[in-house]
Amino acid sequence: MARRAVEQELSRERIMDAARHLFITKGYRAISMRSIGQHLGYSHGSLYYHFKEKAELFYAIVVQDFNHVDLLFRQVMSSPGIEGLTKVEQLMLEFIKFGLEHPHQYEIMFMLRDEEILSYCRAEQSKCFERFSSIVMKYMTEEDHPLARHTSVPLSMFLGLHGFISFYIQDHLAFEDVQPAAIAHVKMLSHSI
């Protein structure tokens, strides 16, 4: 009965949200399962029902966030086009929007530099980039773009997007606040290839 009560009151999602916030604000090494439990008002033992250790919890957060981005990519590809934007431009805008609307997630996914946790992010970062790259290359090939065979193009675009997000994320600006600049940046990246 005790486990059922814990499961109902303290969900994986709630633990992950609290841990995500603490990992960003205090750093991965400074946070323990005990401190996450205290933050939530539960004993750390309650957390172990859902996660065996802090590393497992962190990895669950990373996977969840990258799955969210993959879903956004798929939605862009299956949605009707937006007038004045290519599919690749829509994809890039959606990535910028995600980064600015979910700054804690983006920071965990791409900006934390703790060696202990980079291994948890690298594989997921690679999958995300591969997905982005395959979409960009697909549309460049379909459009018979002269650089369609240059595999460095998606990386240059991705790095340009990361730079934009990294610059604006520190100011805690919403996507709507920088949308005209985001569109101009995406157009510049798109036309420069």
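The rules behind these values
Residues numbered from 1 in each chain as written. Predicted model: local features only at pLDDT ≥ 70, side-chain atom pairs only at ≥ 80, totals over all residues. Heavy atoms only, no water. Helix = DSSP H or I, 4+ residues; strand = E, 2+ residues; numbered from the N terminus. Contact = heavy atoms within 4.5 Å. Areas by Shrake-Rupley, 256 points an atom, 1.4 Å probe, with all protein chains shown as cover. Lys, Arg positive; Asp, Glu negative; His and termini not counted. Charge placed at Lys NZ, Arg CZ, Asp CG, Glu CD. Buried < 20%, exposed > 50% of the residue type's maximum accessible area, 1.4 Å probe, protein only. Phe/Tyr/Trp six-rings, centres within 6.5 Å; stacked < 30°, edge-to-face > 60°. Salt bridge = Lys/Arg side-chain N within 4 Å of Asp/Glu carboxyl O.

Re the overall build of the chain
Then comes step 1: Of regular secondary structure, the chain possesses ten helices and zero strands.
Then comes step 2: In terms of overall dimensions, the chain has a C-alpha envelope of 60 × 35 × 30 Å along the principal axes.
Then comes step 3: Sequence-distant contacts, at least 24 apart, represent 68% of the contacts inside the chain between residues at least 6 apart.
Then comes step 4: Here the chain displays about 10300 Å² of accessible surface, and carbon together with sulfur accounts for 53% of that area.
Then comes step 5: In the chain, which carries 20 positive and 24 negative side-chain charges, the distance between the mean positions of the two groups comes to 7 Å.

Quick look at unusual backbone geometry
Then comes step 1: Even without being a glycine, His 172 presents a positive backbone phi close to 55 degrees.
Then comes step 2: Its relative accessible area of 70% is what places His 172 among the exposed residues.

Comments concerning the packing of aromatic side chains
Then comes step 1: Summed over the entire model, instances satisfying the criterion amount to 15 aromatic pairs.
Then comes step 2: A centroid spacing of 6.2 Å and a plane angle of 40 degrees characterise the contact between Phe 73 and Phe 95, whose relative ring orientation is tilted. Remark: Phe 95 occurs in helix α6 (residues 87-101) and Phe 73 occurs in helix α5 (residues 54-78); sequence separation between them is 22 residues. Phe 95 shares its class with Phe 73; the two are buried.
Then comes step 3: When the centroid spacing of 4.7 Å and the interplanar angle of 50 degrees are considered together, the rings of Phe 164 and Tyr 168 count as tilted. Residue Phe 164 and its partner Tyr 168 are located together in helix α9 (residues 152-169), separated by four residues, close to a single helical turn. In this structure, Phe 164 and Tyr 168 share a single accessibility class: buried.
Then comes step 4: Among the aromatic residues, those joined into a cluster by ring pairs are Phe 66, Phe 73, Phe 95, Tyr 106, Phe 110, Phe 129, Phe 132 and Phe 158.

A word on the pattern of salt bridges
Then comes step 1: In total, this model carries six salt bridges according to the counting rule given.
Then comes step 2: Residue Arg 20 is joined to Asp 65 by a salt bridge in which the shortest nitrogen-to-oxygen separation is 2.8 Å. Note that Arg 20 is positioned in helix α2 (residues 12-26) and Asp 65 in helix α5, a separation of 45 residues in sequence.
Then comes step 3: When its relative accessible area of 5% is taken as the criterion, Arg 20 is described as buried.
Then comes step 4: We note a salt bridge from Glu 124 to Lys 127, for which the minimum N-O separation is 3.2 Å. With Glu 124 and Lys 127 both in helix α8 (residues 115-142), this residue pair falls three residues apart, about one helical turn.
Then comes step 5: A single salt-bridge network, built from bridges that share partners, covers Asp 17, Arg 20 and Asp 65.

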